[in-house]
Number of protein chains: 4
Amino acid sequence: MNTYGKLFRVSIFGESHGPAVGVMVDGCPPGMPLAEDDLSRDLDRRRAGARGTTPRKEYDLPEIISGVYNGYTTGAPLLILTRNTNIKSSDYLKLKDSPRPGHADFTALKKYLGYSDPRGGGHFSGRLTWGLVAAGTVARKVLGNVEITATLVEAGGSENIGESIERALSEGDSVGGIIECSVKNVPAGLGEPFFGSVESEISKLVFSIPAIKGIEFGSGFAAASMRGSEHNDVFIDTDGTTKTNNAGGINGGITSGNEVYFRVAVKPTSSISKEQKTFNLKKNKISSLQIEGRHDACIALRMPVIVESAAAIALADLMLQDRGIYAERKS
Amino acid sequence: MNTYGKLFRVSIFGESHGPAVGVMVDGCPPGMPLAEDDLSRDLDRRRAGARGTTPRKEYDLPEIISGVYNGYTTGAPLLILTRNTNIKSSDYLKLKDSPRPGHADFTALKKYLGYSDPRGGGHFSGRLTWGLVAAGTVARKVLGNVEITATLVEAGGSENIGESIERALSEGDSVGGIIECSVKNVPAGLGEPFFGSVESEISKLVFSIPAIKGIEFGSGFAAASMRGSEHNDVFIDTDGTTKTNNAGGINGGITSGNEVYFRVAVKPTSSISKEQKTFNLKKNKISSLQIEGRHDACIALRMPVIVESAAAIALADLMLQDRGIYAERKS
Amino acid sequence: MNTYGKLFRVSIFGESHGPAVGVMVDGCPPGMPLAEDDLSRDLDRRRAGARGTTPRKEYDLPEIISGVYNGYTTGAPLLILTRNTNIKSSDYLKLKDSPRPGHADFTALKKYLGYSDPRGGGHFSGRLTWGLVAAGTVARKVLGNVEITATLVEAGGSENIGESIERALSEGDSVGGIIECSVKNVPAGLGEPFFGSVESEISKLVFSIPAIKGIEFGSGFAAASMRGSEHNDVFIDTDGTTKTNNAGGINGGITSGNEVYFRVAVKPTSSISKEQKTFNLKKNKISSLQIEGRHDACIALRMPVIVESAAAIALADLMLQDRGIYAERKS
Amino acid sequence: MNTYGKLFRVSIFGESHGPAVGVMVDGCPPGMPLAEDDLSRDLDRRRAGARGTTPRKEYDLPEIISGVYNGYTTGAPLLILTRNTNIKSSDYLKLKDSPRPGHADFTALKKYLGYSDPRGGGHFSGRLTWGLVAAGTVARKVLGNVEITATLVEAGGSENIGESIERALSEGDSVGGIIECSVKNVPAGLGEPFFGSVESEISKLVFSIPAIKGIEFGSGFAAASMRGSEHNDVFIDTDGTTKTNNAGGINGGITSGNEVYFRVAVKPTSSISKEQKTFNLKKNKISSLQIEGRHDACIALRMPVIVESAAAIALADLMLQDRGIYAERKS
């Protein structure tokens, strides 16, 4: 199911080596300024190029196909895409019988019965997150002065991120990382108890990003070894400000007005140039596998803007829902 | 939004001290045997009673209101509820001006403008998970021979769970815990890339459970300090069995046929008998707060069956979706 | 799928001769006064009793199970039900092998494989519209001063409704009818182009009511023989008031502020006491069928309040959606 | 809301004079052959060109952007679009202050606050039905040997369609029409009681098509003047075949295996070359209006394939849902 959201709705499409990848955004309020340049600012942060990211140059220029007129959103569905260029598919086709460890090759085969596009990972490619970032830019505009900032705080178990990546690169290997995300100025009252909790919605979107292995809000896994007297955040004013923020800005699934804070774990890139083993379905035995092509040594490097986008999309949808059901009486 | 699912759809309702709590399940295939006794088996595991859980006795007898005829599901929506009994609301009403730390009192006030039912936590009560467990029983029947088992593996930072809880109890305090969940015999091919990934759906449901602070699949947060060469699970046969299971049984959002494995962090119960501080909205200053009533010293003790139910519901819905879209060509 | 709506969401459940029928309403704004008496006012209009309706007396007293506290909606899901009483199931069980003409007996068998509850039509019973009417009462409160009025304008092809029904009754037969519905004070701007058009949403709900065979908006089927110059409604002021109302108050799927107007066709009650023919699945031949029990000679008599409720639910959901996406900039 | 469907999901986008219009289709089973030529066959039937349709030549060549690989659907979302060419926007811009009677100009202004794209009707244009037809082609492939045929049976109140249109054309006017649609070989058991009834789903989609004013199934509005003894369709065999088909192939919202049959009313084209009156918002008075540009004298001429597509989409989604929930036990 490639659509997320109830009112602010985001659908992604495309394959890594097909004509284009992109996103449809529906439920976008009319009258918001939106131009290709606005999109490029976030998309550039996602782009390859830094040490440790794939040297493939994707000139990810966004094209707005619908939903904008005279520089403003119209209220009609937005369709934004980018043409795929600089494609070298031959790298991948030879892997057909050797499902790559850590990749979706095997599960795609099981689910799509051999019909899915194998070139560059097809629809499973991390390239599909381009659409998440484009939708994230729109979501931030819906959110107004809410500030969302994600940072890579650790890679390969080390806080010296550069060094950790260099070492992996030199060995044809890859490293994982940890990203922190903080959301400031989020109004109190967003989210729903149970299935529409802020944690439910953010985690659903964050786990849509390939390579994410875990998420924790506020105190997270540390909460498991804490006492209630220590974990409970003491309220200190009428705005609901708390002394500590073990709650991560969310109580009962609903934002309290305190900073929303969460951390995500990113696995090391599955594609590595080092030789690996896998089961060869044709030869019917475990064989060696050498993956060629261009890869990120640390996919987490490109992730902060994608994680921010996931949070922005979740919160924008919750904000519109909240406004729809509760706004009249609040104002 | 109190409904989860696309085909197998679960909606919960009720307040802790209202007439009843319960669940509606729609999209349930006809012809499955279902009786109140089937439900009670799982519901009893959720019930209070063990050392460290609230002494309130809830005779949680389930009543099937619709969707079952002559002992079999009919295909029409199931409505299952349990009447609330043994209610002592006076414990809670005096807390009106003192939002309890760690609770949803403050966020409920902001969202529902003072209209939400404060008695026993109202709709925010952990008691609402009764409906999740009842729906989980139905979901397991949809899943056939899929085996879902969750275990509390740690409480208060200690593997000696009993001791950890006793110590907290004696100090009027509470502890958190960690629950592991494993799903065996899950068919390959469930889940969707991106928004409908198995991790997205399970995490969305797991974060619907009050007090959950984090979730990780397979290697989880440990992946962040691993190398790709170490993290990639080597395939060893045509069924996609892997030597290790860092993936947690999921690649590209889709089950591989390997065991699905995840861990969740549970915070310490927010209600403790120890004196606490909070901001008194009437007195307009920080004041002392003494919470009376009956509380779980370790809410995580009652959680395994709830976590299993969340996983069962997510997988049952994904299984029906998969069957709808892909089944014909697979058979 | 037993749930309607995006923000204001309505789910019905129950069987005619099971323990209860009812409705869940989610997405209901907090702070609206709601009591059993409010519900009874509309429910009484739906009830049997008039000449031409079944003599079965359903003391349809509504019970609010959740979502109301101290006389006001809380914002949590509403569950409203009524216990079934005065049940005589033996009337129906003997029809098992003889699918009644005009009923869902045969299609239920095909869909639910023999597991559906046959007593009194089970989940297919017109009694399920009780829940629609209860939800309609809530929807009207969301809509504020919008006025929805439906009237039976014709039965059995005659405007003399009473006479038409008497004649059918005396022959053990039944008649259909036509209902007009008008919605006044509806704000301009509700609805969406295409899939969320006002006509799409109202018709989806109206065709959820058993026995409806057609719907037309504004000029309706008469439009097919009109000229554009005659059909186009001339605007006469800045509020968008039009001289004529062939549009039925809707242009491009969106309300214009003019009266929303539609008509629906109701078929004659399928259950008649007159002897009929049907295929006997056991005897494997066409046989005579005599339906006993209590029936409405003109089900359309009880329909106006149900049609009003359908319109109210559709418009309440569209109003909340509109407020969510567009409200901020409008105010 | 620009998305329809639960499993087979269709989202349309675009503006008449923007870069492109198109459709996204998600939930499409993998392994179905699909090429631009398949799409063109249906799209050509929708195209302008016949006497009475606009002389604007839209070379509606479809471009498949995603979801197809090596000539087969992959299971990933389909994106299909057509670039807009042959655009003359100047025709429309001068109408800014004079909302055209029968058009969405006024309601768009109210809903989108002046931001919607006015060129050629923008997102409200009948051109958006291009996407419905493209999705319809895909839906028919999902439906296998189900045959859907719609025919224009009447225009301007006359069965001599050609003559009726010629007369209107010569007077600068337009005419409405009536379309019949029949669906053969539809399996018994599709659809759900109440909100997911076949009538609910087909009508929701049919009213998404601009200019539709009414829909009736089987006996339709004629049922209102019939007796039950006359309207009830007698079953004549074990397959549920009925002697008559007043039910239109649907009982209790579910297909019976008999032909599904419905009729829709189409209003006369709103754009006519004849001079009209409207309220001029700038001059603040009723003024004359002359609409230039190219128009269909009878939009109903192009509608049959669009109506077929609407039915195909609704039934494809219901078929996948049915297969998901009920299939296992049926096979």
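For the structure, check the block above.
Residues numbered from 1 in each chain as written. Chains lettered and ligands numbered in written order. Predicted model: local features only at pLDDT ≥ 70, side-chain atom pairs only at ≥ 80, totals over all residues. Heavy atoms only, no water.

Re the overall build of chain A
Then, number 1: Helix and strand content of chain A: eight helices and 15 strands.
Then, number 2: Since a compact globule built from 331 residues should have a radius of gyration of about 20 Å, the 21 Å found for chain A is in line with a globular shape.
Then, number 3: Along the three orthogonal principal directions, the C-alpha set of chain A runs to about 65 × 55 × 35 Å.
Then, number 4: When the 331 residues of chain A are sorted by exposure, 69% land in the buried category.
Then, number 5: Pairs at least 24 apart in sequence give 72% of the contacts found in chain A among residues at least 6 apart.
Then, number 6: About 10300 Å² of surface is accessible on chain A, with carbon and sulfur atoms providing 48% of the total.
Then, number 7: Seen as two clouds, the 38 positive and the 38 negative side-chain charges of chain A have centres 8 Å apart. (Helix = DSSP H or I, 4+ residues; strand = E, 2+ residues; numbered from the N terminus. Rg over C-alpha atoms; globule rule 2.2 N^0.38 Å. Buried < 20%, exposed > 50% of the residue type's maximum accessible area, 1.4 Å probe, protein only. Contact = heavy atoms within 4.5 Å. Areas by Shrake-Rupley, 256 points an atom, 1.4 Å probe, with all protein chains shown as cover. Lys, Arg positive; Asp, Glu negative; His and termini not counted. Charge placed at Lys NZ, Arg CZ, Asp CG, Glu CD.)

Looking at the interface of chain B and chain A
Then, number 1: Residue-level contacts link 111 residues of chain B with 111 residues of chain A.
Then, number 2: Where chain B abuts chain A, roughly 8400 Å² becomes buried across the two surfaces, and 65% of that area is made up of carbon and sulfur atoms.
Then, number 3: Contact with chain A buries surface across chain B, with B:Met1, B:Phe194 and B:Phe195 losing the most and accounting together for 12% of the total.
Then, number 4: Here chain B is connected to chain A by 10 salt bridges.
Then, number 5: The partner of A:Asp173 in a salt bridge is B:Arg227, and the shortest N-O contact between them spans 3.7 Å.
Then, number 6: The tally of links between chain B and chain A comes to 48 residue pairs in polar contact (both at pLDDT 80 or more).
Then, number 7: Residues that form the side of chain B that touches chain A fall into these classes: 46 nonpolar, 41 polar and 24 charged.
Then, number 8: Bridge analysis of strand S10 (residues 212-217) of chain A against strand S10 (residues 212-217) of chain B gives three bridges, and the strand direction is antiparallel. When the bridges of S10(B) are listed, A:Ile215 appears paired with B:Ile215. (Buried area = accessible area lost by both parts, 1.4 Å probe. Salt bridge = Lys/Arg side-chain N within 4 Å of Asp/Glu carboxyl O. Polar contact = N/O pair within 3.5 Å; in protein donor to acceptor, adjacent residues only side chain to side chain. Nonpolar A, V, L, I, M, F, W, Y, C, P; charged D, E, K, R; others polar. Pairing = 2+ DSSP bridges.)

Details of the sheet that holds strand S1 (residues 3-4) of chain B
All names here are of chain B.
Then, number 1: Strand order across the open sheet formed by five strands is S1-S2-S3-S7-S4, with antiparallel pairing between neighbours. Pairing within the sheet leaves two strands with one partner each, and these edge strands are S1 and strand S4 (63-66).
Then, number 2: Strand direction decides the pairing type here: S4 and strand S7 (residues 78-83), joined by three bridges, are antiparallel. Paired with Ser 66 across the strands is Leu 79, a residue of S7.

Some thoughts on the packing of helix H6 (residues 198-206) of chain C against helix H6 (residues 198-206) of chain D
Then, number 1: Remark: H6(C) packs on H6(D), axes separated minimally by 8 Å, with the N-to-C direction vectors making an angle of 170°. Considered as vectors, H6(C) and H6(D) are oriented roughly antiparallel to each other. Every residue of H6(D) that contacts H6(C) at C:Ser200, C:Glu201, C:Ser203 and C:Lys204 is listed here: D:Ser200, D:Glu201, D:Ser203 and D:Lys204.
Then, number 2: Its residues placed into classes, the contact of H6(C) with H6(D) shows no nonpolar, four polar and four charged. (Axes fitted to C-alpha atoms, helices over the stretch in contact; angles between N-to-C directions. Parallel < 35°, antiparallel > 145°, perpendicular 65-115°, else oblique.)

A few points about helix H6 (residues 198-206) of chain B
Then, number 1: The buried count for H6(B) comes to nine of nine residues, which makes it a mostly enclosed element.
Then, number 2: Taken together, the buried positions of H6(B) are B:Val198, B:Glu199, B:Ser200, B:Glu201, B:Ile202, B:Ser203, B:Lys204, B:Leu205 and B:Val206.

Section: the environment of B:Asp117
Then, number 1: Mapped onto the secondary structure, B:Asp117 falls in the loop between helix H3 (105-112) and helix H4 (129-143).
Then, number 2: For B:Asp117, a relative accessible area of 5% gives the class buried.
Then, number 3: Taking C-alpha positions, B:Asp117 is 9.0 Å from B:Ser16, a pair spaced 101 residues apart along the chain.
Then, number 4: In contact with B:Asp117, other than residues within four places in its own chain, are B:Glu15, B:Gly122, C:Tyr69 and C:Thr74.
Then, number 5: A distance of 2.7 Å separates the side chain of B:Asp117 from the side chain of B:Arg119, its partner in a polar contact.

Examining the relation of the copies chain B and chain A
Then, number 1: Relative to chain A, chain B is turned by 180° and slid 0.0 Å along the rotation axis, the superposed coordinates differing by an RMSD of 0.0 Å. The transformation just described matches what one would write down for a two-fold rotation axis.
Then, number 2: An overlap of 100% is found between the interface residues of chain B and their copies at the interface of chain A, pointing to a shared contact surface. (Least-squares fit on C-alpha atoms with pLDDT ≥ 70 in both.)

Section: the pairing of strand S15 (residues 285-289) of chain C
Successive side chains on a regular strand alternate, one facing one side of the sheet and the next facing the other.
Residues and elements named next belong to chain C.
Then, number 1: With five bridges connecting them, strand S14 (residues 276-280) and S15 associate as antiparallel partners. Bridge assignment links Phe 279 to a residue of S15, and that residue is Ile 286.
Then, number 2: If you look at the hairpin formed by S14 and S15, you'll find four residues sitting between the two strands, and Asn 284 has a positive phi there, around 60°.

Some words on the interface of chain C and chain D
Interfaces are often sized by the accessible area lost when the parts come together.
Then, number 1: Taken together, the contacts link 112 residues of chain C with 111 residues of chain D.
Then, number 2: Taken over both partners, the interface formed by chain C and chain D buries close to 8500 Å², and the fraction arising from carbon and sulfur atoms is 65%.
Then, number 3: Contact with chain D buries area across many residues of chain C, yet C:Met1, C:Phe194 and C:Phe195 alone supply 12% of it, more than any other trio.
Then, number 4: A salt bridge links C:Arg227 to D:Glu171, with the nearest nitrogen and oxygen atoms 2.8 Å apart.
Then, number 5: Residue classes in the side of chain C that touches chain D are distributed as 46 nonpolar, 42 polar and 24 charged.

Examining the pattern of salt bridges
Then, number 1: Going through the model one piece at a time under the given rule, you end up with 89 salt bridges over all chains.
Then, number 2: When salt bridges that share partners are traced, they join A:Asp42, A:Arg45, A:Arg140 and A:Glu308 into one network.

With respect to the packing of aromatic side chains
Then, number 1: Tallied over the full model, the rule gives 30 aromatic pairs over all chains.
Then, number 2: Ring centres of A:Tyr72 and D:Tyr115 lie 5.4 Å apart, and the angle between their planes is 45°; this geometry places the pair in the tilted category. Placement of A:Tyr72 in strand S6 (residues 72-73) and of D:Tyr115 in the loop between helix H3 (105-112) and helix H4 (129-143) is noted, with the two residues assigned to different chains.
Then, number 3: Pairwise contacts between aromatic rings join A:Tyr112, A:Phe124 and B:Tyr326 into one cluster. (Phe/Tyr/Trp six-rings, centres within 6.5 Å; stacked < 30°, edge-to-face > 60°.)

What about the sheet that holds strand S9 (residues 177-184) of chain C?
Then, number 1: Spatial ordering of the open sheet is given by S8(C)-S9(C)-S13(C)-S10(C)-S10(D)-S13(D)-S9(D)-S8(D), a layout of eight strands whose pairing is antiparallel. With one partner strand each, in any of the chains shown, strand S8 (147-155) of chain C together with strand S8 (147-155) of chain D form the two edges of the open sheet. Neighbour-to-neighbour, the strand axes of the sheet open up by a mean angle of 20°, direction not taken into account.
Then, number 2: Contacting strand S10 (212-217) and strand S13 (260-266) of chain D, H6(D) runs over the sheet at an angle of about 160° to S10(D).

Section: the packing of helix H1 (residues 36-46) of chain D against H4(D)
Residue and element names in this part refer to chain D.
Then, number 1: Relative to each other, H1 and H4 sit at 135°, their axes nearing to 9 Å. Judged by the angle between their axes, H1 and H4 are oblique. Where H1 crosses over H4, the handedness of that crossing is right-handed. Contacts between H1 and H4 involve Asp 38, Leu 39, Asp 42, Leu 43, Arg 45 and Arg 46 on the former and, on the latter, Thr 129, Trp 130, Val 133, Ala 134, Thr 137, Arg 140 and Lys 141.
Then, number 2: Looking at side-chain class alone, the contact of H1 with H4 contains five nonpolar, two polar and six charged residues. (Left-handed = near helix turned anticlockwise from the far one by under 90°.)

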